[in-house]
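Now for the letters of each chain:
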Amino acid sequence: MSLKSEHNHPEKLSLDSLLDSGRKEGVLGAIKGGLSNCLSETNLHLTVPGLKSKTRGKVRDIYDGGEYLVLVTTDRQSAFDRVLASIPFKGQVLNETSLWWFDRTLHITPNAVVSVPDKNVTIAKKCSVFPVEFVVRGYVTGSTDTSLWTVYNKGVRNYCGNALPDGLVKNQKLQKNIITPTTKAEDHDVPVTPEEIIKLGLMTEAEYCEASKKALSLFEFGQHVALEHGLILVDTKYEFGKGSDGSILLIDEVHTPDSSRYWIARSYEERFQKGLEPENVDKEFLRLWFKNHCNPYEDKVLPDAPEELVSELAWRYIFLYETITKSEFKPPITEEPVHDRISRNVELALSSLK
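Note that the coordinates shown come from a computational prediction; the quantities given were computed from them, not determined experimentally. (Residues numbered from 1 in each chain as written. Predicted model: local features only at pLDDT ≥ 70, side-chain atom pairs only at ≥ 80, totals over all residues. Heavy atoms only, no water.)

Asks: Would you explain the overall build of the chain in this entry?
Replies: Tallying secondary structure elements over the chain gives 10 helices and 17 strands in all. Each principal axis of the C-alpha atoms in the chain carries an extent, and together these give about 55 × 50 × 45 Å. Looking at the chain as a whole, 53% of its 354 residues qualify as buried. Here the chain contributes 43 positive and 51 negative side-chain charges, whose respective centroids are spaced 1 Å apart. (Helix = DSSP H or I, 4+ residues; strand = E, 2+ residues; numbered from the N terminus. Buried < 20%, exposed > 50% of the residue type's maximum accessible area, 1.4 Å probe, protein only. Lys, Arg positive; Asp, Glu negative; His and termini not counted. Charge placed at Lys NZ, Arg CZ, Asp CG, Glu CD.)

Asks: Can you help me understand the layout of surface pockets in this one?
Replies: If a probe the size of a water molecule is rolled over the atoms, the empty space left behind becomes visible. Of the volumes computed, that of the second largest pocket is approximately 370 Å³. Considering the residues around the second largest pocket, the lining is formed by 22 residues, among which G34, N37, F89, P332 and T334 are closest to the centre. Residue assignment for the lining of the second largest pocket shows that the elements contributing at least two residues are helix 1 (21-34) and helix 10 (338-353). It is helix 1 that contributes the most residues to the lining of the second largest pocket, 4 residues altogether. For the lining of the second largest pocket, the per-class residue count stands at 10 nonpolar, 8 polar and 4 charged. (1 Å grid on protein atoms, 1.4 Å probe; cavity = no way out; pocket = protein on both sides within 12 Å on 5 of 7 lines; lining within 4 Å. Points joined across faces, edges and corners; volume = space filled by probe spheres on them. Nonpolar A, V, L, I, M, F, W, Y, C, P; charged D, E, K, R; others polar.)

Asks: Which parts of the structure should I look at to understand the pairing of strand 7 (residues 121-125)?
Replies: Of all the 5 residues making up strand 7, 4 are buried; the element is thus mostly covered by neighbouring parts of the structure. Of the pairings in the sheet, the one linking strand 3 (residues 68-73) to strand 7 comprises 5 bridges and is antiparallel in character. Across the sheet, the residue bridging to V70 is I123, located in strand 7. Of the pairings in the sheet, the one linking strand 6 (residues 113-118) to strand 7 comprises 3 bridges and is antiparallel in character. Opposite S115, over in strand 7, you have I123 as the bridge partner. The antiparallel hairpin formed by strand 6 and strand 7 contains 2 residues in its connecting segment. (Pairing = 2+ DSSP bridges.)

Asks: Please clarify how the nonpolar core should be interpreted in this entry.
Replies: For soluble globular proteins, nonpolar side chains are generally found buried alongside one another. By size, the foremost hydrophobic cluster in this structure holds 62 residues, and its most contacted members are F134, Y238, F240, L286 and F290. Not counting residues within four places of it along the chain, the set of residues in contact with Y238 comprises V132, E133, F134, V136, A215, L218, F219, L250, V254 and H255. Counting 15 residues, the second largest nonpolar core, distinct from the first, contains L51, Y63, V70 and I342. (Core = buried A, V, L, I, M, F, W, Y, C linked by side-chain atoms within 4.5 Å. Contact = heavy atoms within 4.5 Å.)

Asks: What exactly am I supposed to notice about the side chain of T323 here?
Replies: Within the element layout of this structure, T323 appears in helix 9 (residues 307-325). Look at T323 and you get buried, because its relative accessible area is 2%. Here the side chain of T323 touches F319 through a polar contact of 2.7 Å, landing on its backbone oxygen. (Polar contact = N/O pair within 3.5 Å; in protein donor to acceptor, adjacent residues only side chain to side chain.)

Asks: Even after reading the chapter, I still don't get the pattern of salt bridges, so can you show me in this structure?
Replies: It is possible for side chains of opposite charge to pair when their charged atoms get near one another. Counting across every chain of the model gives 22 salt bridges. With its nearest N and O atoms 2.9 Å apart, the salt bridge here joins K54 to E41. Of the two residues, K54 is situated in strand 1 (residues 54-56) and E41 in the loop between helix 1 and helix 2 (44-47); the sequence distance between them amounts to 13 residues. Look at K54 and you get partly exposed, because its relative accessible area is 25%. E41 sits in the partly exposed class, given a relative accessible area of 33%. In this structure, K214 engages E210 in a salt bridge whose closest nitrogen and oxygen atoms are separated by 3.6 Å. Of this pair, K214 and E210 both sit in helix 6 (residues 205-228), 4 residues apart, which is roughly one turn of the helix. For K214, a relative accessible area of 11% puts it in the buried group. Connected through shared salt-bridge partners, R60, E133, K237, E239, D252 and E253 make up one network. (Salt bridge = Lys/Arg side-chain N within 4 Å of Asp/Glu carboxyl O.)

Asks: What am I meant to see in the packing of aromatic side chains here?
Replies: Summed over the entire model, instances satisfying the criterion amount to 14 aromatic pairs. Ring geometry for W101 and F221: centres 6.3 Å apart, planes at 85°, overall edge-to-face. One end of the pair, W101, is in helix 3 (residues 90-104); the other, F221, is in helix 6, and 120 residues separate them in sequence. For F221, a relative accessible area of 23% translates into the label partly exposed. Cluster of aromatic residues (ring-pair linked, three or more members): Y139, W263, Y268 and F272. Over the face of the ring belonging to Y152 we find R157, whose NZ or CZ atom lies 3.7 Å from the ring centre. (Phe/Tyr/Trp six-rings, centres within 6.5 Å; stacked < 30°, edge-to-face > 60°. Lys NZ or Arg CZ within 6 Å of the ring centre and 35° of its normal.)

Asks: Mind showing me how you'd approach the sheet that holds strand 2 (residues 60-65) here?
Replies: By way of backbone hydrogen bonds, the strands of a sheet pair with one another, either parallel or antiparallel. Spatially, 1-2-3-7-6 is the arrangement adopted by the 5 strands of the open sheet, whose pairing is antiparallel. Strand pairing shows two members of the sheet lacking a second neighbour, strand 1 and strand 6, which therefore form its edges. In this sheet, neighbouring strand axes are inclined to one another by 20° on average, regardless of whether the strands run parallel or antiparallel. Bridge count between strand 1 and strand 2: 3 bridges; the pairing is antiparallel. (Axes fitted to C-alpha atoms, helices over the stretch in contact; angles between N-to-C directions.)

Asks: Sorry if this is basic, but what is going on with helix 10 here?
Replies: What sets the pattern is the α-helix's 3.6 residues per turn: residues three or four places apart point alike. The first and last C-alpha atoms of helix 10 sit 23 Å apart over 16 residues, in line with the 22 Å expected at 1.5 Å per residue. On its buried side, helix 10 packs onto helix 2, strand 3, strand 6 and strand 7. (Expected span 1.5 Å × (residues − 1).)

Below is the structure:
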């Protein structure tokens, strides 16, 4: 099945695109067909010879394949430290968005990608992962405890080693992009300064300098490409690892709808001047539905999310993928169970790498 792309010109991109019923209708047909074949859980260590252990993340399942890691991006949608629902094609969208950017950023940094045997799978080089997330920001925004606007609004004027001037307002563009690194703690991320990262032995000074330079270059490039496609790349996060040859590699995901905040470029300036929130392709509505219908932190069993909300969220992921990459989203053609397809493709790929 092909979902024909009907993008507006970048300078005319607006949220009205979301309401393009003809475009949306075609996509929703594929989404509804995929509701019963979501990838919620994988057990490749039981179906693919040579895979040892499984590590289950919020969205990714990671398998040890000896020299390589097999990273499977599932359709899980998590919030409140638990899985809320499975969103058709979400894993494919995230995997393919990252791959699109990995391919286009090789002039800035090498990455860990070895091969892509399946729409949901990346096989990567094993590397020693730095326990630091490089959060890069171009705007004063956000609502979480560690977001830049939250801490700035509380009076903080030096955040993660960045001096911030007085007089900034919410959603304002920073004079220059900044890095606000965090350490990966057990249950939450902790903001740190570059000096603390080096003092704690998380990275050497040379490693931090190289990785931070790569992160800022990646972000600047991402902003440039996004703007050409009618979007503002507001903030994002990068992770790096050290390869067996000592080189610093970009790993994990790049500029995906999950790791990044995007705004609609066309309306930003006018809305900012009026004190209005920027237009964005919001993915919070499913989280809010659960908050309104149960206690997602304490209830042992959660209600099933309404099918129309799940379908709407799937459409928004696809909309973002196509807008970010200017690529046509292609759902799987066969109705083969997704776990069977992935097992077959991964087994073939690993045997060819031996």
